[in-house]
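Report on the structure
Next come the chains, spelled out residue by residue.
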Amino acid sequence: DNGPFFNGEYYSEDETIGKTDSNLYPDIDAKRSQKEDQFVLHSGKPILGIECTLTDKDGNPHSLLGSKVPIHDIHGKIIGIVGVNHDITELKNAVNAQHESEERYRTIIENIGEGVGFMNYEERFVFANKAAEEIFGVESGGLVGMNLDQFINDEQYKLVKKETEQRVQGNKSVYELEIQRQSGEKRTIIITAVQQNDKEKGLVGTYGVFRDITERKKAEEILKNTLRFQQVLLDAVPSPIFYKDVN
């Protein structure tokens, strides 16, 4: 069985005819191939969908997907093997590159400081990173499967559905939402929502980025109260008050 190398891309016909696996392949590849051959010859059973790596004469590795099937004579006796292989090196490289890209993306999402999640059209979490779980006050893995209405009141839920309609129109939106954790603690978050569409179904869900702005809102309220108090004091002073710069 000279496999895919017989097509002349890796070896010429003259270089393969009459040669064994040991003459063509590195030792580890040759032994694996010979073991497969012996199985087919002795069991009479084919081996289908074999995925392996073989090295060509220039030392370049190739990913192959192939099958080995026994050949029978007119009396049913096994007299050889037919092997068919397909070079899937480019496909494997593309898949590996995609996996690496997905892993890098996952690493970024899992370690980013802001909450990131995906909710389906029913506002149920399908994915949530660690930061999102912390914002909503749930344990690791606990946010997936939960509905947003479990954290907000009816009025806030109407706001969410209204914003979801923006996604139906293809619009991104940014809005504030007051949530209540299962512990009873209330938090104010700002949501950046982007639609996820399916070519046939249309809107299937929303990608959301969540930022907890509770402390910022408290600071703003304190500042407002302070300014309001200062204004009350100023208004209560009977004498004229003016401001003059250094010039």
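Structure report, in brief. Just so we're clear, the structure is a prediction, and the values are computed from it rather than from any experiment.

Tallying secondary structure elements over the chain gives 7 helices and 8 strands in all. Long-range contacts, defined as pairs at least 24 residues apart, comprise 38% of the intrachain contacts of the chain with a sequence gap of at least 6. Within the structure as shown, the chain displays about 16500 Å² of accessible surface, and the carbon and sulfur contribution to it stands at 52%.

Of all hydrophobic cores here, the largest spans 20 residues; its most connected members are F136, L143, L177 and F210. Excluding residues within four positions of it along the chain, F136 makes contact with F125, L143, L148, F151, I179, R181, I189 and F210. The next biggest cluster of nonpolar side chains, apart from the first, holds 6 residues, and it includes L24, Y25, A30 and L64.

The 3 strands lie next to each other as 1-2-3, forming an open sheet whose pairing is antiparallel. Whereas interior strands pair on both sides, the edge strands pair on one side only; in this sheet they are strand 1 (47–55) and strand 3 (78–87). Within this sheet the neighbouring strands show an average axis-to-axis angle of 35 degrees, counted without direction. Relative to strand 2 (residues 61–72), strand 1 runs antiparallel, the two being bridged by 7 bridges. Along strand 2, the bridge assignment pairs T55 with P61. Packed on one face of the sheet, helix 4 (residues 89–111) meets strand 1, strand 2 and strand 3 and runs near 130 degrees to strand 2.

Counted under the stated rule, the structure contains 5 aromatic pairs. Between F118 and Y207, the ring centres sit 4.9 Å apart and the planes meet at 50 degrees, which makes this aromatic pair tilted. Placement of the pair is F118 in strand 4 (residues 115–120) and Y207 in strand 8 (residues 202–212), with a sequence separation of 89 residues. The class of F118 is buried, set by a relative accessible area of 14%. Aromatic pair F136 and F210: ring centres 5.4 Å apart, planes at 90 degrees, arrangement edge-to-face.

For helix 3 (residues 27–43), with 17 residues, the first-to-last C-alpha span of 24 Å sits near the 24 Å given by 1.5 Å per residue. Among the residues of helix 3, those classed as buried are D29, A30, S33, E36, D37 and V40. Seen from one end, helix 3 has its buried residues packed into an arc of 130 degrees, which puts them on one side. Away from its buried face, by an angle of more than 90 degrees, helix 3 presents the exposed residues D27, I28, K31, K35 and H42. Against helix 2 (21–24), strand 1, strand 2 and strand 3 lie the buried residues of helix 3.

Here the phi dihedral of E123 falls at roughly 70 degrees; this positive angle occurs in a residue that is not glycine. Counting through the fold element by element, E123 comes out in the loop between strand 4 and strand 5 (125–128). By relative accessible area, E123 is classed as buried at 3%.

Our next topic: the environment of E163. Within the secondary structure layout, E163 lies in helix 6 (residues 154–168). In this structure the C-alpha to C-alpha distance between E163 and A193, which are 30 residues apart in sequence, comes to 8.5 Å. Not counting chain neighbours up to four residues away, the residues in contact with E163 comprise S173 and Y175.

Scoring rules and cut-offs
- Residues numbered from 1 in each chain as written.
- Predicted model: local features only at pLDDT ≥ 70, side-chain atom pairs only at ≥ 80, totals over all residues.
- Heavy atoms only, no water.
- Helix = DSSP H or I, 4+ residues; strand = E, 2+ residues; numbered from the N terminus.
- Contact = heavy atoms within 4.5 Å.
- Areas by Shrake-Rupley, 256 points an atom, 1.4 Å probe, with all protein chains shown as cover.
- Core = buried A, V, L, I, M, F, W, Y, C linked by side-chain atoms within 4.5 Å.
- Buried < 20%, exposed > 50% of the residue type's maximum accessible area, 1.4 Å probe, protein only.
- Pairing = 2+ DSSP bridges.
- Axes fitted to C-alpha atoms, helices over the stretch in contact; angles between N-to-C directions.
- Phe/Tyr/Trp six-rings, centres within 6.5 Å; stacked < 30°, edge-to-face > 60°.
- Expected span 1.5 Å × (residues − 1).
- Arc of directions from axis to C-beta.

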